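Observations on the model geometry
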Amino acid sequence: MTTAAGAHPDLEGWTHIYSGKVRDLYVPQDASAGAAGDVVLVVASDRISAYDYVLPSTIPDKGKILTALSLWWFEQLKDVVPNHVVSLDVPAPVAGRAMISRQLRMYPIECVARGYITGSAMTEYTATSSVCGVPLPPGLVESQKLPEPIFTPAAKAEVGEHDENITFEQTAERVGDGVARQLRELTLAVYARAAEIAAERGILLADTKLEFGASPLPGEPDIVLGDEVLTPDSSRFWGAASYRPGQAQLSYDKQFVRDWLVSADAGWDRRGDAPPPPLPADVIRRTRTRYVEAYEQLTGKAFVA
């Protein structure tokens, strides 16, 4: 198995069909890559992305951490929404970082729920007093808890392109009004359950990104939760004990990566055309530590590489 950023392993019995920023997808070799097959092998790599770039460095064990945490969350949420997991009987070279999943027709929408205002939402709110068309009260400060969680969708972009924040009405134009309403309802239901579970473990769930799809098979649920769920790659987790509104929070995610990339030490202009440089060993180590801490604090289990 190769560890180079951007590469994918060759797996006996499976044909590689697609690589996203951090995941590689395979279908059984006897299935056509263009057909709506029954299952897909989802492999989480150690690649890491930031500012819509896949970085040339990897984070050791990241794929295993994200897979283990997603599986744990799928179990916690199974009475809220069905998920795409079929089996963990995966090829040995990717054991621990892969799952066999139902092959879904994914909706072209990043379904984001926000319970706190930060990041791009804070930037948009400062300019418009709203986020994705949702009006918000005046006077909100960085990292403040919102009166109630909001649904702030984005249109998916190709790898290397920027996702585009859109309104609910624009979501409905893309997937239909009925599906848009279901996506909003499920996203907020997942957020509510996850925020409650995280709070019991001393963690605030600031926001999270979910992806849903429809099964091509008759008799399957209309909308299924897919991809990853509630990981440090797709969510902002903050420590409840250190939380202070009015300032940026220390996150259980790739904050160290983002901070270094925009620092003078990196010598990189995120608004330019040049790709990001490799990460220093210390940034890689500290990022891995935060991913492990998120897994262990949420699940109550020790992470074993």
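Residues numbered from 1 in each chain as written. Predicted model: local features only at pLDDT ≥ 70, side-chain atom pairs only at ≥ 80, totals over all residues. Heavy atoms only, no water.

- Going by the annotation in an unreviewed UniProt entry, the name recorded for the protein chain is Phosphoribosylaminoimidazole-succinocarboxamide synthase, with Georgenia yuyongxinii given as the source organism.
- Listed under Sequence similarities (unreviewed entry) in UniProt, the entry text for the protein chain is "Belongs to the SAICAR synthetase family."
- According to the UniProt record, the Catalytic activity (unreviewed entry) comment for the protein chain reads "5-amino-1-(5-phospho-D-ribosyl)imidazole-4-carboxylate + L-aspartate + ATP = (2S)-2-[5-amino-1-(5-phospho-beta-D-ribosyl)imidazole-4-carboxamido]succinate + ADP + phosphate + 2 H(+)". (UniProt positions renumbered as here; feature names shortened; annotations may be inferred.)

**Regarding the packing of aromatic side chains**
- Taken as a whole and assessed by the stated rule, the structure comprises 7 aromatic pairs.
- For the ring pair tyrosine 116 and tryptophan 238, a centre distance of 5.5 Å and an interplane angle of 65° mean the geometry is edge-to-face. Of this pair, tyrosine 116 sits in strand S9 (residues 109-116) while tryptophan 238 is found in strand S17 (residues 235-239), placing the two residues 122 residues apart along the sequence. Taken individually, tyrosine 116 and tryptophan 238 each receive the classification buried, so the pair is uniform in this respect. (Phe/Tyr/Trp six-rings, centres within 6.5 Å; stacked < 30°, edge-to-face > 60°. Helix = DSSP H or I, 4+ residues; strand = E, 2+ residues; numbered from the N terminus. Buried < 20%, exposed > 50% of the residue type's maximum accessible area, 1.4 Å probe, protein only.)

**Structural notes on the sheet that holds strand S7 (residues 98-102)**
- The antiparallel open sheet is built from 5 strands, whose spatial order is S1-S2-S3-S7-S6. Unpaired on one side and paired on the other, strand S1 (14-19) and strand S6 (85-87) mark the two borders of the sheet. Strand after strand, the sheet turns through a mean of 40° between neighbouring axes, direction not considered.
- In the sheet, strand S3 (residues 39-44) pairs with S7 via 5 bridges, with the strands oriented antiparallel. The partner of valine 40 across the bridge, within S7, is serine 101.
- The strands touched by helix H1 (residues 62-76) are strand S2 (23-28), S3, S6 and S7; relative to S7, the strand with the most contacts, the crossing angle is about 45°. (Pairing = 2+ DSSP bridges. Axes fitted to C-alpha atoms, helices over the stretch in contact; angles between N-to-C directions. Contact = heavy atoms within 4.5 Å.)

**Some remarks on the packing of H1 against helix H6 (residues 281-299)**
- Interaxial distance between H1 and H6 falls to 10 Å at its minimum, and their mutual angle equals 20°. Taken as axis vectors, H1 and H6 run roughly parallel relative to one another. Crossing angle aside, the handedness with which H1 passes H6 is left-handed. Every residue of H6 that contacts H1 at Lys62, Ile65, Leu66, Ala68, Leu69, Trp72 and Trp73 is listed here: Tyr291, Val292, Tyr295, Leu298 and Thr299.
- Residue composition of the contact of H1 with H6, by class: 10 nonpolar, 1 polar and 1 charged. (Parallel < 35°, antiparallel > 145°, perpendicular 65-115°, else oblique. Left-handed = near helix turned anticlockwise from the far one by under 90°. Nonpolar A, V, L, I, M, F, W, Y, C, P; charged D, E, K, R; others polar.)

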